[in-house]
Each structure stands twice: as structure tokens, then as C-alpha cells.
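The lines below spell out each chain.
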Amino acid sequence: MKPTDAATSGPAPQDRALIGGAWRGALDGRVIEVRNPATDELIARVPRMGATEATQAVDAAAKAFPAWKALPGAERSKVLRRFFDLMVRDEMRLARLMTLEEGKPLSEARGEITYAAGFVEWSAEEAKRVYGETIPAPSPDKRILILRQPVGVTVAITPWNFPAAMITRKLAPALATGCTMIVKPASATPLTALALAELAVEAGVPAGVVNVITGDAREIADSLLADARVRAVSFTGSTEVGKALMAKAARHVTKIELELGGHAPVLVFDDADLEVAVAGVVASKFRNAGQTCICANRIYVQAGIYERFAEALGLAVMSLRVGNGLDEGVQIGPLIDDAGMAKVEAHVADAVAQGARIRVGGYRLAAPAPLADRFFEPTVIEGITSAMLINNEETFGPIAPLIRFESEAEAIAMANDTPYGLAAYFFTRDASRLMRVAEALEYGIVGANDGAPSIPQAPFGGMKESGLGREGGKYAMDLFLETKYVSWALEPTK
């Protein structure tokens, strides 16, 4: 790889995205304003690109693909390793940028950068291990070879709630296998994506191998999926949008990986360690103010431990500090926007109207200036029934609904009674129960006595309407590789 092959180095200018190694704006000059959800302060403008720019990004990625594919895996590994090192170097800068645009507490943002960098580090190693196979032939005059080759141009469409990790979880394995990629970040949080693109350029990723375009999500996605040169798409977001993308991918039989909505149950059994269970529920439920796809949404507690658990959880929740994520000691930041606040309030109001009881919190906080009106008190709510919205929809807010149960079979049945199957959690000290419940839960990710199971080396993904495919570890490589069978007939010995 020659220095002239790399994209233009240096920081991204304001209101610019990255296409084919060049930092540029939208063709028509339109921009999207990016605001801090904690204060409503305008922090940046990025291009409002559309179909034309999306096609140009595919042009650039297609042009860059042959040379990147031909580069030995060990060389791609070195580039990814430099990318990882740069992310570690700039951890605090990236974390502060993330908190500014997304709102999560700075400590959580730093944790996400570490997590995101982990995907790059892991993929750097996997780049050296894209193995083929030989299979015993049915006759002595044949050899059977299995090749694994990069699919080509790929696309990542990512959400706002994890603006770094959801990119590197897709981008790093794509680059490791020899694919090129177009990243479309969420319009609410594009700055982290652009900062990561800067570091990829600095690490030596050639022009066109990584492209980041910002703008109209529907127009860009429609254009990308209509282009036959795009051979794989990885999407994280809502189930509704995922289904629409899946239908559009059918046009060219484009490979697609979907990490979609969740409605995670937590089962706390009578024999659970109370302290471990409370800490695990708080870690799962209140991270990023409850705005995660794998956070606890339905908390089932067995009758024998219910009162002690509810009291301990209430005390733990009352101690959580709410505020601007940049302030020292803040544990709960703002909701991302007014629509997010409206949904949280609607879920709480619906539950209370149907007889639920607020144990802790339950209201929007009156935020002093200059803070925006997007802070909701961490809440514990009891008396949840199957008819309530909060029992059937993903809330995406700091609300912990408690539901009492009697038996293991009852808890498993309620936990599985949903079209979603992304993540589930349970707490028990009974080894036999641990295995029974882990096997019975219809979820792609199960935390057993663990409220924070996500790690870069493990497969991440859901069952049922929570998605297709897996990201993370060696499993992340599958989307970006085609398997080719070569049957080789040998010439007879003369």
C-alpha cells in the first residue's frame, strides 16, 4: 500500500462527510444540525446527502475493492491494529464528542470507546485467519477446495444510541475480510462516525475503502439497496425498518444482517443472590438512561424474594444521579429527543391508568437552565399486567417495571411471550436451574447472573423478530465472506 493510496489525512472539516478519500459536503449544500440533547446547543452541521452521493460512495467503494481485496490479510491486520491504537490514543476526545451528541454520561462514553476499539483489535487478529478448507475427494483424481472470499462493497446503517460500537462492530470485520464499506450513521449522532473515519484515514486505510455519508436515511438506504454492486448490508435499528430493508434487499438477493428491536426480560428467582441481582438489573436497565436494545424491559421477580428485591432496587435507583453527561458523577443523562420523552411518559401514564403503582420516580424532571427538558427520573413501577404498553413495547427509557411470579415454568412462559428475542437475563444460584432456564429462553443473548454480557469476542444477535445473523468475534466475518467450492480434476499420471 503506497502513501498516495491513502485518503486525504487530517481532521474532517465542519459540514463534510467522507467519500472516496475526500471530505466534502452535500451537492446541494444542505446540512443537518446536530444538537446536544442535554442542552439543545447546536454543536455541528453535517451534510444532508441523498441518492446521488450514495451512488458516488458506491462508485468509490467499488473502485477501491480490488486492491483492498488483493492486500494480504496480514497487511490489512496491520492497518486495523493502527486504527485500534489511534482509538485508544484518542479515547477521551472521542468520548467527549459522543457525550456531546448523544448525551450518555462521560464514563459510559469512555466505556463504549473501549468496547468499540475491542472490535477493531479482534478483527485485526481475525484478518490473518480467514481460512479455507480441503475436503477428501470421492476419487484419487480429484481435489476439493473450499475458498472464502470477500463479498465486495458493503454497507453499515447504524443507530444513535451506540454511535461508536455499532460502527466498529460492522466496519472492522468488513475491512478484515477485504471488503470495502459505506457507513450511514444516525443523523442524531454523526460526529462520532466522522471522527472514527478520520482515525481510519490516519491509520492508512486507502481512499474509498471506508466512506461515511450523512443525510436522508430513507433516500440513502433506498439508493444503496437498489445498487447491485452492494453485496452485503448490516443494519442495527428498529424491527419495522429492518423488515423494510429486508424486503428491499430481496431485489438483488443482497446479503443482510439485522440487529433489531428487543424487549428483554429479567428473571429473579428466590434463590438469587440479592445484591448481585439488584446490581445486575441496575447495570442492564439504566445504562444509557435505558436507551439500549438489550436493556431490561420486563423484570419478573419470584414471590419469595419480591419484597426484599423491590425495596433494594428502589434504594439503588434513588441513588442514581441525573444530569448533563459531561458533569462529574452523573449516571443518567438525557433522553435523545422529545419523541423519546413522549414515549416514556406515555408508557408510565398508561400503566398508572391501568392500576400500576410508582415505587420510585415516575416523572419528568424540571431541569434548570441551560439544560433541556429531556431528563426523566429513574423509575421503579409495580403491578404491571399483560395489557399495559410497557409490558408489550420497548420503552427506551429509565423505567424498571416489576412483575411478580410464582414458578419457574410461569416465568419462562411470560419471558418468551413476545415476538422479540434479542437478550434475556436471569439470576439464580441453582446450577441445574441455570442450565434449564438458559436453554429454555428464546433469546440470542442470555446473561446468567450477569447484567452486562456484551463483549467483542462473542456472537451478538437475536432470534425471532429481533434479527438475523451475528456480530462479534469470528462470527462477524460470515456476512462479509462468500464460500466457493472448487472441484479440481487432476490430469492422469503419464
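First things first, this report covers the structure right here in the doc.

Criteria and thresholds
- Residues numbered from 1 in each chain as written.
- Predicted model: local features only at pLDDT ≥ 70, side-chain atom pairs only at ≥ 80, totals over all residues.
- Heavy atoms only, no water.
- Buried < 20%, exposed > 50% of the residue type's maximum accessible area, 1.4 Å probe, protein only.
- Helix = DSSP H or I, 4+ residues; strand = E, 2+ residues; numbered from the N terminus.
- Right-handed = clockwise from strand over helix to strand, strands pointing away.
- Pairing = 2+ DSSP bridges.
- Phe/Tyr/Trp six-rings, centres within 6.5 Å; stacked < 30°, edge-to-face > 60°.
- Lys NZ or Arg CZ within 6 Å of the ring centre and 35° of its normal.
- Axes fitted to C-alpha atoms, helices over the stretch in contact; angles between N-to-C directions.
- Contact = heavy atoms within 4.5 Å.
- Salt bridge = Lys/Arg side-chain N within 4 Å of Asp/Glu carboxyl O.
- Core = buried A, V, L, I, M, F, W, Y, C linked by side-chain atoms within 4.5 Å.
- Expected span 1.5 Å × (residues − 1).
- Bend = angle between axes of the 7 residues up to and from the residue.
- 1 Å grid on protein atoms, 1.4 Å probe; cavity = no way out; pocket = protein on both sides within 12 Å on 5 of 7 lines; lining within 4 Å.
- Points joined across faces, edges and corners; volume = space filled by probe spheres on them.
- Nonpolar A, V, L, I, M, F, W, Y, C, P; charged D, E, K, R; others polar.
- Parallel < 35°, antiparallel > 145°, perpendicular 65-115°, else oblique.
- Left-handed = near helix turned anticlockwise from the far one by under 90°.

1. Let's talk about the pairing of strand β13 (residues 296-302)
For β13, the buried fraction is high: seven of the seven residues fall into the buried class. In this fold, the crossover linking strand β12 (residues 264-268) to β13 by way of helix α9 (residues 274-286) has right-handed handedness. Relative to strand β16 (residues 399-405), β13 runs parallel, the two being bridged by four bridges. The residue of β16 that forms the bridge with Gln-302 is Phe-405.

2. Here's the deal with the packing of aromatic side chains
Centre-to-centre distance and the angle between the planes together describe a pair of aromatic rings. This structure, assessed with the given rule, holds three aromatic pairs. Both rings, one in Trp-160 and one in Phe-396, keep their centres 5.8 Å apart while their planes meet at 85 degrees; by these two values the pair is edge-to-face. Within this pair, whereas Trp-160 is found in the loop between β7 (153-157) and α5 (165-177), its partner Phe-396 is found in the loop between α12 (389-392) and β16, the two being separated by 236 residues in sequence. Across the pair, Phe-396 and Trp-160 agree in class, each one buried. Its guanidinium or amino end placed over the ring of Phe-162, Lys-104 lies 4.0 Å from that ring's centre, counting from NZ or CZ. Its guanidinium or amino end placed over the ring of Tyr-306, Arg-404 lies 4.1 Å from that ring's centre, counting from NZ or CZ.

3. Focus on the pairing of strand β18 (residues 423-427)
Counting buried positions over the five residues of β18 gives five, a clear majority of the element. Alternating residues of β18 divide into Ala-423, Tyr-425 and Phe-427 and Ala-424 and Phe-426, and every residue in both groups is buried. As paired strands, β12 and β18 are joined by three bridges and run parallel to one another. Across the sheet, the residue bridging to Leu-267 is Phe-426, located in β18. Of the strand pairs in this sheet, β18 and strand β19 (residues 445-448) are connected by four bridges, and their pairing is parallel. What sits directly across from Ala-423, in β19, is Ile-445. For the crossover from β18 across helix α14 (residues 431-440) to β19, the handedness is right-handed.

4. Some words on the sheet that holds strand β22 (residues 481-489)
Read from one edge of the open sheet, three strands run β5-β6-β22, paired in antiparallel fashion. Only two strands of the sheet have a single partner each, and these edge strands are β5 (133-135) and β22. On average, each strand axis in the sheet is tilted by 25 degrees relative to the strand beside it, whichever way the strands run. The pairing of strand β6 (residues 142-150) with β22 spans nine bridges and is classified as antiparallel. If you follow Ile-146 over to β22, its bridge partner there is Tyr-485.

5. Considering the environment of Trp-160
Spatially, the C-alpha atoms of Trp-160 and Thr-236 are 9.7 Å apart, while their sequence positions differ by 76 residues. Dropping the residues within four chain positions of it, Trp-160 is found in contact with Glu-102, Ala-186, Ala-188, Thr-189, Gln-291, Ile-336 and Phe-396.

6. Structural notes on the pattern of salt bridges
Overall, the coordinates contain 31 salt bridges when judged by the stated rule. When the shortest N-O distance is used, the salt bridge between Arg-374 and Asp-40 registers 3.0 Å. Of the two residues, Arg-374 sits in the loop between β14 (357-360) and β15 (379-382) while Asp-40 sits in the loop between β3 (31-35) and β4 (42-47), which places them 334 residues apart along the sequence. Judged by its relative accessible area of 35%, Asp-40 is partly exposed. One salt bridge in this structure joins Arg-364 and Asp-373, with 3.0 Å as the shortest N-O distance. In this structure Asp-373 comes out as partly exposed when scored by relative accessible area, which is 41%. Through salt bridges that share partners, Arg-89, Asp-90, Arg-93 and Glu-202 make up one connected network.

7. Structural notes on the nonpolar core
In this structure, Leu-80, Phe-83, Met-87, Leu-175, Ile-182 and Ile-213 are the most contacted members of the largest nonpolar core, which totals 88 residues. With 10 residues, helix α6 (residues 191-203) is the largest single contributor of residues to this core. Judged by nonpolar contacts, the second largest core, of 58 residues, contains Val-266, Val-268, Met-341 and Ala-356.

8. Concerning helix α10 (residues 303-318)
The terminal C-alpha atoms of α10 lie 23 Å apart, and with 16 residues this matches the ideal 22 Å at 1.5 Å per residue to within 8%. Of all bends in α10, the biggest is about 30 degrees, found at Phe-309. In this fold, the buried residues of α10 make contact with β12, α9, β13, β14, β15 and β16.

9. Here's the deal with the sheet that holds β15
Spatially, β14-β15-β16-β13-β12-β18-β19 is the arrangement adopted by the seven strands of the open sheet, whose pairing is mixed. Unpaired on one side and paired on the other, β14 and β19 mark the two borders of the sheet. The sheet shows a mean angle of 25 degrees between the axes of neighbouring strands, direction not considered. Relative to β18, α9 is tilted by about 165 degrees, and along the sheet it contacts β12, β13, β15, β16 and β18.

10. A word on the environment of Glu-259
Topologically, Glu-259 is positioned in strand β11 (residues 255-259). When its relative accessible area of 2% is taken as the criterion, Glu-259 is described as buried. In the structure, Glu-259 is positioned 23 residues away from Thr-236 in sequence and 4.7 Å away in space, judged by C-alpha atoms. Among residues more than four places away in sequence, those in contact with Glu-259 are Met-166, Arg-169, Phe-235, Thr-236, Gly-237, Cys-293, Leu-422, Phe-460, Ser-466 and Glu-471.

11. Focus: empty space enclosed by the protein
Following the criterion strictly, the structure yields four cavities of 30 Å³ or more and no others. Here the largest cavity defines a volume of roughly 80 Å³. If you go around the largest cavity, the residues you meet are Tyr-115, Phe-162, Met-166, Arg-169, Glu-259, Arg-287, Cys-293, Ile-294, Ser-454 and Phe-460. Here the residues of the lining of the largest cavity sort into six nonpolar, one polar and three charged.

12. Looking at the packing of helix α13 (residues 408-416) against α14
With their axes 10 Å apart at the nearest point, α13 and α14 run at an angle of 25 degrees to one another. When the axis of α13 is compared with that of α14, the two are roughly parallel. Considering how the two elements wind past one another, α13 and α14 form a crossing that is right-handed. In contact with Glu-408, Ile-412 and Asn-416 of α13, α14 contributes Arg-433, Arg-436, Val-437 and Ala-440.

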